[in-house]
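Secondary and tertiary structure notes
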Amino acid sequence: MKSISQSIPRPDGMAKADGSALYVADLQFDGTEGGRSPDGAVALGSESGLSKDMLLGRFYRSPYPRGKIRRLQLPECPPGYHIISAADIPQGGKNEIPMAASRDMPCFAENEIRYAGQIVALVAGPDAYEIERLIRAIELEVDETPVVKNIDEALALKGGAIHGEDNIFCRVDLDEGEVDEVFAGAASVVEGVYETGFQEQFYMEGQGLIAWRTGNKCGVRGSMQCPYYVHHAVSHVLGLKHDEIRVIADTIGGGFGGKEDYPEIMGAPLAVASWVSGKPIRMLMDRVEDMAFTSKRHPSRCVYRSALDSEGRILAIDATVDLDGGAYETYTKIVLMRAVFHSLGVYAIPVFRIRGRGIATNTVPSGAFRGFGAPQSLFGIEMHMEEIARRNRCEVLDYKRNYFLKKGDTTVTGGIFRDEIILDKLIAEAERLSGYSGKRIKLGRGKGQGIGMSFILHGCGFTGDGEQKIIKGKAVLKKHRDDKVEILCAAVDFGQGPQTTFRKVVARVLGIEPNTVIFNYPDTDFVPDSGPTVASRTIMIVGYLLQKAAEELKAIWVEGEEQVVEQNYQMPPGMSWDQERLRGDSYATYGWGVNVCEVELDFLTWETKVIGAWAVFDVGRAVDHRVVNGQIQGGMSQALGYGAMEKLEVDSKGQFRQITMADYMVPTSVDFPRTEALTVDNPYLYGAFGAKGMGEMVHDGGHAAFAAAVEQACGKACTTIPLVPETLMEIMEA
Amino acid sequence: MVEVFKPTSLAEALRIRADKHAIPFAGGTDLMVRFRARDGMAPSFKSPILFVDALPEFNTIRMFNGGLKIGASLPLSILAGDRGAVNGGTGTGATSGVVPDAAVLATIPGVLKAAAAEVGAPALRNRATIGGNLANASPAGDSIAALYALSAEIILVSLSGERMIPIEKFILGPGEISLKEDEIIHTIHIPAPLPDWTYWRKVGTRRANALTKISLAAAASIKDGRVESCSFAFGAVGPRVIRVHEIESLLQSRFPVVQEAKLKEIIAEAKKFASSMITPIDDQRSTAKYRKTVALNLIGDAIASLVEELKLGD
């Protein structure tokens with residue numbers, strides 16, 4: 001039998017390539033109540049939000065960055081137009097977007113403004129020009145307060161605290177052993193400050209949603225990763241029961257986390273507008289609005305101090321991990337947890353103290369982005385290890401090897417690494433592909449050429465017992481009378497492949513052809529909540545539920561009969577977690593990886609050129625090689641862009657300065673070479689056919705490998721990314 | 001709505017231009033961005049549009065008295081020598097589809113060809129035109145820097161005739177050009193002699209589809225191992241492309257003295273001249289300090305390359 005890893009054509013590939021796939025901007029009313037597209041996959045009737053009289057919607061956003069709202073004056077609306085604001089939230093609803101444990105972000109700004117661009121009102125109507133006129137006629141008066149643009153200004157409480165008394169949204173602290181004692185007796189201490197910037201997800205399709213009302217039911221559909229998150233947010237804001245809400249995820253043109261939280265932030269006010277007006281409303285963001293106001297990756301500052309003994313060995317690490325959460329907490333706490341839990345990387349450090357803080361500023365609330373905190377702290381620990389190895393006059397790979405985690409070791413939260421850790425195998429493959437060690441010696445230091453290697457681990461699935469306590473994922477297989485099997489779950493394919501891999505998993509168990517398996521885009525009227533499409537959980541957690549469901553279906557299969565099987569998530573045996581004390585197994589298992597990057601540096605212009613990129617990962621088992629390789633290629637480009645090019649600054653009002661495709665430098669196909677990549681099998685017992693999560697870890701280490709290579713090429717420490725030529729000039733002329 | 005004209009002859013185009021003050025539109029790659037409106041709304045043009053891309057004489061390139069005459073609507077893809085470049089194929093009227101003479105294309109100075117090749121991406125270069133790049137008058141316009149180095153002259157036409165103006169007088173400031181309300185940019189003239197040596201270096205924000213942070217375009221005519229004439233033009237370091245004439249006279253007077261020690265001295269002097277003339281700014285793409293430092297570094301690189309050329313000619 002062929003390996004499950006052997007690729008099949010992507011079932012969703014041709015429609016996306018030939019333009020026939022329907023994205024939210026393409027959806028048109030088919031004249032029916034309950035109509036569907038010819039392939040049956042897309043709901044097109046009026047009950048699904050489409051109608052002839054669909055309105056356009058646009059936000060009125062605050063031009064002021066911070067202050068108390070003194071007055072909001074809305075203009076008179078001509079017939080057929082609606083202006084919706086906080087006052088329109090129906091009784092029983094709440095003016096707050098529920099995200100994880102946080103409730104601080106309002107749906108519409110009501111009393112205060114915390115960032116330039118905050119949603120104050122929504123204007124809907126048939127004509128874009130009239131909407132434009134109405135938006136210009138809205139008057140907002142704000143008693144302005146000085147703007148907090150970054151972590152330093154936040155900690156200095158510029159203009160008074162934005163949040164609480166100290167601008168700290170949340171803290172995550174970990175302690176192991178007597179840190180102060182060890183430092184007091186250390187032979188030397190190495191300290192470094194490592195900083196990363198904002199990053200834009202840059203999905204190809206901008207944010208877009210439609211909201212509608214059918215009687216006492218509210219619907220939202222469009223481009224989103226997590227239909228049940230939107231479902232939950234709309235229920236909270238409108239005060240509706242769960243069966244009074246329907247959410248449909250349409251074909252989605254990329255997400256990268258950017259469509260994890262933002263569809264809630266955008267969908268809740270849109271749902272209010274549709275609920276109040278009774279009209280379906282479509283809102284599509286153009287590229288500039290999308291880049292200027294949607295969630296970005298949290299900027300970070302990590303400070304690492306390491307106590308060394310007289311032989312240069314690490315005795316203890318004392319670290320702080322600060323994330324710029326922006327104006328509202330939103331998902332910052334869980335991003336911070338992931339950042340802190342990954343902050344010691346792949347190394348076993350006996351004694352440590354880690355202090356994590358999510359910090360309030362007056363920028364756009366930071367949100368989800370592939371890696372979710374891990375790329376920030378992994379950059380910190382990897383660059384810190386480079387520095388310690390240099391101090392010890394030691395080859396960094398040799399130095400790092402002394403600390404590699406192995407099976408049975410304790411995690412930073414006191415859990416256990418239960419599965420085989422195969423870093424040595426991954427390194428051997430990376431060496432074979434890249435010739436790293438030979439080049440590292442040959443290229444010298446400060447001579448314009450360099451090669452760097454970074455190591456990453458990535459906890460798969462929700463942090464702690466989130467899968468068990470919060471998500472409670474459920475997946476269903478339904479066998480129709482014609483014996484066609486349908487997958488019912490809430491997982492969305494935004495390029496990362498579940499349309500392909502889920503079909504393969506189910507088909508393999510049942511011995512049928514993958515392309516006969518029905519897997520429509522999720523519609524909460526029909527699919528159970530299998531959880532959000534985030535956190536490298538899809539193939540491992542939901543895929544495994546489907547595998548188990550298929551095994552069950554196979555056992556009870558009766559031809560010509562409708563049969564339904566359901567699987568609910570269960571924590572793997574032996575795993576435990578204490579959310580209060582943050583103790584135990586923070587993740588069920590981990591993906592592992594080695595990234596290598598080779599660069600040349602132009603001393604005339606300080607431009608870097610990546611001349612080689614290599615990546616080797618332990619993904620458990622690849623359910624589809626092409627899907628996995630696609631993730632590796634894209635993840636590496638995104639990580640190298642993060643490390644080398646993607647500068648995103650804020651101006652004096654805390655607004656982003658690079659908000660066009662001409663100014664925000666996402667890499668093109670000619671900026672970086674193709675990544676030479678492979679995976680090494682290390683099957684995970686509780687993942688679909690041994691698969692672990694891998695969609696995020698491919699973005700966890702490329703930037704650190706790049707920075708390490710640049711350090712060798714320029715002969716100076718490079719502790720801040722992106723390493724654009726302007727920054728490298730400052731480093732080299734310092 | 002926007003009023004649109006698609007003239008089929010130059011005479012008709014000039015009449016519409018004079019009567020309606022319609023804005024000449026060739027590839028539209030800058031205009032469509034400048035007058036961009038939100039989705040669902042038409043571009044916010046303030047005047048009628050005059051399509052000039054379909055008039056054959058705007059799409060020609062030919063030798064003229066040892067120099068070159070380039071039609072204003074010639075796409076940058078032709079100048080760049082892109083594979084699959086299409087001339088006048090924008091389909092807005094009686095498409096000319098003029099196929100340029102390969103022998104003429106071979107004479108395009110390296111600096112212009114290289115500059116054109118680094119504008120945008122292939123699809124954009126097939127629409128973007130040399131006249132449009134000039135009319136946009138960005139200090140970061142790549143073909144503009146090259147045309148400064150080539151001492152280009154711009155031929156403008158109107159119902160009342162033709163006038164020729166040096167590029168340094170044509171471009172007045174960012175987005176500002178010396179074009180009367182009834183005039184159309186007709187031809188770019190690169191006077192003889194075409195240079196024996198050219199230099200082009202664009203430092204962009206990335207490797208393709210990038211805007212220029214700093215550029216240096218240079219050209220020289222060489223006779224008997226000496227620099228007979230030369231030019232050094234810097235892009236994106238001031239409100240306009242800046243040509244540093246002091247460097248030019250310095251090189252003309254000193255060469256062919258090319259001992260290493262002398263060379264260092266000459267480069268230092270050239271940098272001093274440039275340093276007082278270039279006035280870059282901080283913006284969302286780069287910093288003033290970086291732009292200035294790199295501009296000066298590039299002078300050294302260009303002069304070293306010129307010296308190599310002189311040695312080869314010995």
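Residues numbered from 1 in each chain as written. Chains lettered and ligands numbered in written order. Predicted model: local features only at pLDDT ≥ 70, side-chain atom pairs only at ≥ 80, totals over all residues. Heavy atoms only, no water.

1. Let's talk about the sheet that holds strand β7 (residues 168-176) of chain A
Residue and element names in this part refer to chain A. Definition in use: Pairing between strands requires that DSSP locate at least two bridges from one strand to the other. Only DSSP runs of H or I with at least four residues qualify as helices, and only runs of E with at least two residues qualify as strands; both kinds are numbered from the N terminus onward. Only the stretch in contact is used when fitting a helix axis, every axis being a line fitted to C-alpha atoms; angles between N-to-C directions are given from 0 to 180 degrees. For this analysis, residues touch if any pair of their heavy atoms sits within 4.5 Å.
Strand order in this open sheet of five strands is β7-β15-β14-β13-β8, and the pairing throughout is mixed. Taken across any chain shown, the strands that pair with only one partner, and hence form the sheet edges, are β7 and β8 (188-196). Between one strand and the next, the sheet's axes are offset by a mean angle of 10°, whatever the strand orientation. Pairing geometry for strand β13 (residues 300-308) and strand β14 (residues 314-326), over nine bridges, is antiparallel. Within β14, the residue paired with R301 across the bridge is D322. Sheet strands in contact with helix α9 (residues 374-391) are β8, β13 and β14, and its direction is about 145° off that of β8.

2. A word on the sheet that holds strand β4 (residues 61-64) of chain B
Residues and elements named next belong to chain B. Here we have five strands laid out as an open sheet, ordered β4-β5-β10-β6-β7, and antiparallel in their pairing. Unpaired on one side and paired on the other, β4 and β7 (161-166) mark the two borders of the sheet. The sheet shows a mean angle of 25° between the axes of neighbouring strands, taken without regard to direction. Where strand β5 (residues 67-71) and strand β10 (residues 184-190) come together, four bridges link them in antiparallel fashion. By the bridge assignment, K69 is partnered in β10 with H189. Those strands touched by helix α1 (residues 10-20) are β6 (153-158) and β10, and its axis lies near 125° from that of β10.

3. Description of the pairing of strand β2 (residues 67-73) of chain A
Residue and element names in this part refer to chain A. Pairing of β2 with strand β4 (residues 112-113) involves two bridges; the strand directions are antiparallel. Along β4, the bridge assignment pairs K68 with E112. For β2 and strand β6 (residues 139-144), the ladder comprises six bridges, and the chain directions are antiparallel. Looking at β6, one finds that L72 is bridged to L140.

4. Thoughts on the packing of helix α14 (residues 498-510) of chain A against helix α15 (residues 538-556) of chain A
Residues and elements named next belong to chain A. For clarity, the threshold we go by: Reported orientations rely on four angle classes, namely roughly parallel under 35 degrees, roughly antiparallel over 145, roughly perpendicular from 65 to 115, and oblique for the rest. Left-handed describes a crossing whose near helix is turned anticlockwise from the far helix by less than a right angle; the clockwise case is right-handed. Polar here means any residue other than Ala, Val, Leu, Ile, Met, Phe, Trp, Tyr, Cys and Pro, which are nonpolar, and Asp, Glu, Lys and Arg, which are charged; Gly is therefore polar.
One way to put it is that α14 packs onto α15 with a least axis distance of 8 Å and a crossing angle of 30°. As summarised for this structure, α14 and α15 are arranged roughly parallel, according to the angle between their axes. In this structure, α14 crosses over α15, and the sense of that crossing is right-handed. Taking contact as the criterion, the partners of P498, T501, F502, V505, V506, V509 and L510 in α14 are, on α15, T538, I539, V542, G543, L546, Q547, A550, E551, L553 and K554. Broken down by class, the residue content of the contact of α14 with α15 amounts to 11 nonpolar, four polar and two charged.

5. Quick notes on the side chain of R61 of chain A
Our working rule: Whenever two N or O atoms come within 3.5 Å, that pair is a polar contact, provided that in protein one can donate a hydrogen and the other can accept it, and provided that, for residues adjacent in sequence, both atoms are side-chain atoms.
Mapped onto the elements of the fold, R61 of chain A is located in strand β1 (residues 55-61). Within polar-contact distance, the side chain of R61 of chain A engages the backbone oxygen of G117 of chain A at 2.8 Å.

6. Here's the deal with the domain arrangement of chain A
Residue and element names in this part refer to chain A. We count it as follows: Bear in mind that the domain bounds are from an automatic or database domain assignment. The term buried area means the drop in 1.4 Å probe accessible area that two parts suffer when joined, counted for both and summed.
What the domain assignment reports for chain A is domain 1 (46-145 + 201-293), domain 2 (300-463 + 584-733) and domain 3 (466-568). Distance from the C-alpha centre of domain 1 to the C-alpha centre of domain 3: 31 Å. The interface of domain 1 with domain 3 comprises 20 residues on the first partner and 16 residues on the second. Taken together, both faces of the contact between domain 1 and domain 3 bury some 1,400 Å²; the carbon and sulfur share is 58%.

7. Here we look at helix α8 (residues 142-149) of chain B
Applicable threshold: Buried, partly exposed and exposed residues are distinguished by accessible area as a fraction of the type maximum, computed with a 1.4 Å probe on protein chains only: under 20%, between the cut-offs, and over 50%, respectively.
Counting buried residues along α8 of chain B, eight of its eight residues qualify, which places the element largely inside the surrounding structure. Those residues of α8 of chain B that fall on the buried side of the exposure criterion are D142, S143, I144, A145, A146, L147, Y148 and A149 of chain B.

8. A look at the interface of chain B and chain A
As a reminder of what qualifies: For salt bridges, the criterion is a side-chain nitrogen of Lys or Arg within 4 Å of an Asp or Glu carboxyl oxygen.
Tallying the contact residues gives 28 residues for chain B and 36 residues for chain A. Around 2,700 Å² of area is buried between chain B and chain A when both sides are counted, 51% of it from carbon and sulfur atoms. Considering only the surface of chain B that becomes buried against chain A, R38, R206 and R207 of chain B emerge as the three largest contributors, covering 28% of it. A salt bridge links K289 of chain B to E730 of chain A; the nearest nitrogen and oxygen atoms lie 3.1 Å apart. Connecting chain B to chain A are 16 residue pairs in polar contact (both at pLDDT 80 or more). Sorting the residues of the side of chain B that touches chain A by element identifies β11 (197-204) and α12 (288-313) of chain B as the ones contributing at least two each. For the side of chain B that touches chain A, the element with the highest residue contribution is α12 of chain B, accounting for seven residues. When the residues that make up the side of chain B that touches chain A are grouped by side-chain class, the tally is eight nonpolar, nine polar and 11 charged.

9. Description of the domain arrangement of chain B
Residue and element names in this part refer to chain B. Split by domain assignment, chain B resolves into domain 1 (57-190) and domain 2 (197-313). Centre-to-centre separation of domain 1 and domain 2, based on C-alpha positions: 23 Å. Contact with domain 1, which involves 22 residues of that partner, is made by 22 residues of domain 2. A buried area of about 1,700 Å², summed over both sides, lies between domain 1 and domain 2, and 56% of it is on carbon and sulfur atoms.

10. Quick look at the pattern of salt bridges
Residues and elements named next belong to chain A. Under the criterion given, the structure shown has 69 salt bridges over all chains. As a salt-bridge pair, D318 and R353 come within 3.1 Å of each other at their nearest N and O atoms. Taken together, the residues D318 in strand β14 and R353 in strand β15 (residues 351-360) connect sequence positions 35 residues apart. Note that E711 is salt-bridged to R390, the shortest N-O span being 2.7 Å. Of this pair, E711 sits in helix α17 (residues 702-714) while R390 is found in helix α9, placing the two residues 321 residues apart along the sequence. Among the ionic contacts, a cluster of salt bridges with common partners joins R70, R71, E139, E141 and D143.

11. Some points on the environment of L477 of chain A
Residue and element names in this part refer to chain A. Take L477: it is sitting in strand β17 (residues 474-479). Along the sequence, L477 and V565 sit 88 residues apart, while their C-alpha atoms lie 5.4 Å from each other. In contact with L477, not counting residues within four places along its chain, are V485, E486, I487, V506, L546, A549, A550, L553, Q563, V564 and V565.

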